[in-house]
Amino acid sequence: MNLEKELQDRSGGVCELCGSSEGLSVLEVAPSDATANTAIYVCSKCAPQIQDASLLDEAHLNCLNDTMWSETPVVQVVSYRLLNALGRQDLVDMMYMDDELKAYADAGLVDASSANETVVHKDANGVVLQTGDTVVITKDLDVKGTTFTAKRGTAVRNIALVHDNSELIEGRVNGVKIQILTKFLKKS
Ligand SMILES: [Zn+2]
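Now for a look at the structure at hand. (Residues numbered from 1 in each chain as written. Predicted model: local features only at pLDDT ≥ 70, side-chain atom pairs only at ≥ 80, totals over all residues.)

**Let's talk about helix α4 (residues 73-86)**
Argument step 1. Between its terminal C-alpha atoms α4 stretches 20 Å, which fits the 20 Å expected from 14 residues at 1.5 Å a residue.
Argument step 2. Among the 14 residues of α4, 10 are classified as buried, and the element is accordingly described as predominantly covered.
Argument step 3. Those residues of α4 that sit buried are Val-74, Val-75, Gln-76, Val-77, Val-78, Ser-79, Tyr-80, Arg-81, Leu-82 and Leu-83.
Argument step 4. Of the surrounding secondary structure, the elements contacted by the buried residues of α4 are β2 (39-42), α2 (46-51), α3 (64-67), α5 (89-92) and α6 (99-107). (Helix = DSSP H or I, 4+ residues; strand = E, 2+ residues; numbered from the N terminus. Expected span 1.5 Å × (residues − 1). Buried ≥ 20, exposed ≤ 12 C-beta atoms within 10 Å, placed from the backbone. Contact = placed C-beta atoms within 7 Å.)

**A look at the sheet that holds strand β9 (residues 176-181)**
Argument step 1. One open sheet holds the 3 strands; their spatial order is β7-β8-β9, and the pairing between them is antiparallel. Because the sheet does not close on itself, it has two edges, and the strands there are β7 (160-161) and β9. (Pairing = 2+ DSSP bridges.)

**Describing unusual backbone geometry**
For residues other than glycine, phi is negative in most cases, and the peptide bonds are mostly trans.
Argument step 1. The linkage connecting Ala-30 with the following residue, Pro-31, adopts the cis geometry, with an omega of -10°.
Argument step 2. Of note, the phi angle at Asn-158 is positive, near 55°, even though the residue is not glycine.
Argument step 3. Examined against the element boundaries, Asn-158 turns out to sit in the loop between β6 (155-156) and β7.
Argument step 4. A residue is classified by how many C-beta atoms lie within 10 Å of it, and Asn-158, with 12 of them, is exposed.
Argument step 5. Despite not being glycine, Asn-174 has its phi angle at roughly 55°, a positive value.
Argument step 6. Position of Asn-174 relative to the elements: it lies in the loop between β8 (168-173) and β9.

None of this, on its own, says anything about what the molecule does.
So this is what it looks like as structure tokens:
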């Protein structure tokens, strides 16, 4: 039996978090062993929220009040992680999981303190930039400490993010390593 079929049977063909039948898909729950024990069947509304804590929709996730009591361990695990992400320690404290399941659930927790420190770099269009990306300069820029201008349209390859400042990246222009404001960049 394939994984999706197995999850369809387990869930009764609905989202295992909110009960919706819209846009259902299999989501592996890291650390995954590629079995139904570490995968959840979720709708297109719940899936992105599991993958990206910045998309959490607290009203939609009221469904967790029920799913935290699920008899399916992996559904409990996902509920636990989402409740943590929502800061609902009151509900987290009510959950019961054995040590093994708790360890699995904790393995996927984003450490709140480090999450707060995470700086997200975005280009002029709001596209998230990552280390190694290639960007294009959108405006002629005078480069501090040099005599040259970084011309509009110049591609900067293999950028590095400046960790403590979401508005700056580092890259080489004319062979010189410079820092550039993200608002003057477009990801290419
Ligand atoms: Zn759902």
